Amino acid sequence: MERFEDLITATKARVERHQDGYTPLYHRIQRAIRDAIAEGELGEDDVLPPERDFAQALGVSRVTVRNAIRALVTDGLLVQRQGAGTFVARRIEMPLTVPTSFSEEMKARGMAPEYKMLDRHTGPAMPIEVDMLELKPGTPVTRIYRIRYANKRPMCLELASVPAAALPEDADIGTSLYSHFDKSDMRPVRAMQKLRAELLDMEQARLLAVPPGSAALFIEQQSFRGNGQPIEYVRSYYRGDSYEFVAELKM
């Protein structure tokens, strides 16, 4: 109970701090809870105080609190369990040890992977693709731009470039590009990755259903076949509120 009171007090202070006369109240409550999660005051599987207590302490209606919580549930930050309450969602851990398929990783965690195709086209390789895929200038490249989902929740934006000879424009990749590679015996066996933190612009944030300026983990990956030939060049934006990447270091 004391912890609930501390959390409510901190939330109230954040709501007042974000007051600007323009932002709807439920948006400010939503942002305050986001901040509490980001700053570690709320951890994975922590339960939130009841809506009634939140509403009473903040001097707002339960509908206002409910709208804020519903938006965070939709974004995947919170989960509601029947008869138990509202909890902070668990983050997804992704390994950095081997090239993995997003679909395979989600299925291994009991989640349903899906995607939405934003763009798919073939064109001459750009300079960065010539370099990363070790192609001759002008070589056709197939580009796939997708939103990747897990249990209906948008998780990352992914732009993959593959030599058109390995991925014809009419090839059916289903939910996984790697399943196509498996059929053609071209599955990557190793990869080079660069990771950095970035802030999502308005369009990226809209596609991932998070506020503009939200933190994301940007990963640039160059994947190689067993013969050492690059097979794909991928740029991905992973939601910073949902992912943790894990690497095992052997001494």
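The rules we used
- Residues numbered from 1 in each chain as written.
- Predicted model: local features only at pLDDT ≥ 70, side-chain atom pairs only at ≥ 80, totals over all residues.
- Heavy atoms only, no water.
- Buried < 20%, exposed > 50% of the residue type's maximum accessible area, 1.4 Å probe, protein only.
- Helix = DSSP H or I, 4+ residues; strand = E, 2+ residues; numbered from the N terminus.
- Pairing = 2+ DSSP bridges.
- Core = buried A, V, L, I, M, F, W, Y, C linked by side-chain atoms within 4.5 Å.
- Contact = heavy atoms within 4.5 Å.
- Salt bridge = Lys/Arg side-chain N within 4 Å of Asp/Glu carboxyl O.
- Polar contact = N/O pair within 3.5 Å; in protein donor to acceptor, adjacent residues only side chain to side chain.
- Expected span 1.5 Å × (residues − 1).

Caption draft 1: Region of interest: the pairing of strand 8 (residues 215–224). For strand 8, a buried count of eight out of 10 residues is recorded, marking the element as mostly surrounded by other parts of the structure. Both strand 7 (residues 190–199) and strand 8 contribute to a ladder of 10 bridges, which runs antiparallel. Bridge pairing in strand 8 links E198 to A216. Across nine bridges, the pairing between strand 8 and strand 9 (residues 230–239) is antiparallel. Across the sheet, the residue bridging to A216 is R239, located in strand 9. In this structure, the hairpin formed by strand 8 and strand 9 is closed by a connection of five residues, where G228 is found at a positive phi of approximately 90 degrees.

Caption draft 2: Up close: the nonpolar core. I29, I33, I37, L42, L48, V65 and L78 are the most contacted members of the largest nonpolar core, which has 17 residues in total. Looking at this core, the elements with two or more residues in it are helix 2 (25–38), helix 3 (51–58) and helix 4 (62–75). Those residues within four positions of I33 in sequence are excluded, and the remaining contacts are L42, L48 and L72. The next biggest cluster of nonpolar side chains, apart from the first, holds 13 residues, and it includes Y178, F181, I231 and V234.

Caption draft 3: Spotlight on the pattern of salt bridges. If you walk through the whole model with that rule in mind, you get nine salt bridges. Between E114 and K152 there is a salt bridge, with the nearest N and O atoms lying 3.1 Å from each other. Pair noted here: E114 is in strand 4 (residues 113–124) and K152 is in the loop between strand 5 (140–150) and strand 6 (153–163), with a separation of 38 residues, a long-range link. Since its relative accessible area comes to 31%, E114 is described here as partly exposed. For E203, the salt bridge is made with R206, and the minimal N-O distance between the two is 2.6 Å. On the criterion of helical spacing, the pair formed by E203 and R206 is a turn pair, its members being three residues apart in helix 8 (residues 202–208).

Caption draft 4: Summary view of the pairing of strand 1 (residues 78–81). Here strand 1 runs beside strand 2 (residues 85–88); their pairing, made up of four bridges, is antiparallel. Opposite L78, over in strand 2, you have V88 as the bridge partner. From the end of strand 1 to the start of strand 2, which pair antiparallel, there are three residues, and G83 there has a positive phi angle of about 80 degrees.

Caption draft 5: How the structure looks around the environment of S214. Relative to the assigned elements, S214 resides in the loop between helix 8 and strand 8. When the C-alpha atoms of S214 and D241 are compared, they prove to be 8.6 Å apart, with 27 residues separating the residues in sequence. In this view, S214 contacts E198, L199 and L200; residues no more than four positions away in its chain are not counted. Within the structure, the side chain of S214 is placed 2.6 Å from the backbone oxygen of P211, a separation counted as a polar contact.

Caption draft 6: Layout of the side chain of E129. Summarising the element assignment, E129 is placed in helix 6 (residues 127–132). Judged by its relative accessible area of 0%, E129 falls in the buried class. If we ignore the near neighbours within four places in the chain, the residues touching E129 are P124, E134, L135, V141, R143, S161, Y233 and R235.

Caption draft 7: Region of the structure containing helix 2. Helix length check: helix 2, at 14 residues, gives a terminal C-alpha distance of 20 Å against a target of 20 Å (1.5 Å per residue), a fit within 8%. Among the residues of helix 2, R28, I29, Q30, A32, I33, R34, D35, A36 and I37 are the ones counted as buried.

Caption draft 8: Main features of unusual backbone geometry. Look at N151: it is not a glycine, yet its phi comes out positive at around 50 degrees. Assessed through its relative accessible area of 42%, N151 is described here as partly exposed. Positive phi, normally seen in glycine, also occurs at D185, with a value near 55 degrees. Looking at where D185 falls in the secondary structure, it is placed in the loop between helix 7 (177–183) and strand 7.

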